[in-house]
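Residue strings, one per chain:
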Amino acid sequence: MAHQEGGGRVVVPQGTSLTGPIHLKSNVNLHLSKQAIIKFSQNPDHFLPVVRTSWEGVELYNYSPLIYAYKCKNIAITGFGTLGGQGDKYHWWPWKSGSYGQPCQDKDREILFKMAEKGVPVEARVFGRGNL
């Protein structure tokens, strides 16, 4: 899919690439060439193991975001390509409403906010498939 150039620049060439999450490190420029398309997987299992992230400003461990970096610096995403999350009525969006056989996220959101209010350490706020 991508190739490394000097100076921490990673170039995604023209064409379509399917991937799971992209975890960036410090001093990286992810550059999408014109007409490069990155489509992220629609399978939630591809976004495991859980990583430290936040949901509505509350820290927790959960599915990896599509593009993720933690405790990193000097990161850029540049170029004219497309990042496609592939959300639709069967993938990702149903978590908001609980439709199409997917559980609604409201219960987990309520649990997370209560944990934060009670001062439960972030390391114990573990969500995602198989947790909680």
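Relevant structure appears above.
Cut-off values and rules
- Residues numbered from 1 in each chain as written.
- Predicted model: local features only at pLDDT ≥ 70, side-chain atom pairs only at ≥ 80, totals over all residues.
- Heavy atoms only, no water.
- Helix = DSSP H or I, 4+ residues; strand = E, 2+ residues; numbered from the N terminus.
- Buried < 20%, exposed > 50% of the residue type's maximum accessible area, 1.4 Å probe, protein only.
- Contact = heavy atoms within 4.5 Å.
- Areas by Shrake-Rupley, 256 points an atom, 1.4 Å probe, with all protein chains shown as cover.
- Lys, Arg positive; Asp, Glu negative; His and termini not counted.
- Charge placed at Lys NZ, Arg CZ, Asp CG, Glu CD.
- Expected span 1.5 Å × (residues − 1).
- Polar contact = N/O pair within 3.5 Å; in protein donor to acceptor, adjacent residues only side chain to side chain.
- Phe/Tyr/Trp six-rings, centres within 6.5 Å; stacked < 30°, edge-to-face > 60°.

> Hey, could you run me through the overall build of the protein in this one?
Across its full length, the protein carries 2 helices and 11 strands. Traced from its N-terminal end to its C-terminal end, the protein shows the element sequence β-β-β-β-β-β-β-β-β-β-β-α-α. Considering only C-alpha atoms, the protein reaches an extent of 45 × 35 × 20 Å along its principal axes. Across the 132 residues of the protein, 30% fall into the buried class. Partitioning the contacts of the protein with sequence separation of at least 6, the portion at a separation of at least 24 is 49%. Carbon and sulfur atoms make up 52% of the accessible area of the protein, which amounts to about 8,200 Å² in all. Charged side chains of the protein number 15 positive and 10 negative; the gap between the two group centres comes to 5 Å.

> What exactly am I supposed to notice about helix H2 (residues 106-117) here?
Residue pairs three or four apart in sequence face the same way in an α-helix, which turns once every 3.6 residues. With 12 residues, H2 ought to run about 16 Å at 1.5 Å a step, and its terminal C-alpha atoms sit 17 Å apart, in line with that. Just past H2, the residue Gly 119 takes up positive phi, approximately 80°.

> Would you take a moment to explain the environment of His 91 for this structure?
The residue His 91 is located in the loop between strand E11 (82-84) and helix H1 (94-97) in this model. Sequence-distant contacts of His 91, that is, excluding residues within four places in its chain, are made with Gln 42 and Gln 86.

> Hey, could you run me through the side chain of Asn 62 in this one?
With respect to the helices, strands and loops of the structure, Asn 62 is situated in strand E8 (residues 58-62). From its side chain, Asn 62 meets the backbone nitrogen of Gly 128 in a polar contact 3.3 Å long.

> Which parts of the structure should I look at to understand the packing of aromatic side chains?
Taken as a whole and judged by the stated rule, the model has 4 aromatic pairs. Aromatic pair Tyr 63 and Trp 95: ring centres 5.4 Å apart, planes at 40°, arrangement tilted. Here Tyr 63 is found in the loop between E8 and strand E9 (67-68), whereas its partner Trp 95 is found in helix H1, with 32 residues between them in sequence. With a centroid separation of 4.7 Å and an interplanar angle of 65°, the aromatic rings of Tyr 90 and Tyr 100 are classed as edge-to-face. Of this pair, Tyr 90 sits in the loop between E11 and H1 while Tyr 100 sits in the loop between H1 and H2, and the two are 10 residues apart along the sequence. For Tyr 90, a relative accessible area of 45% gives the class partly exposed.

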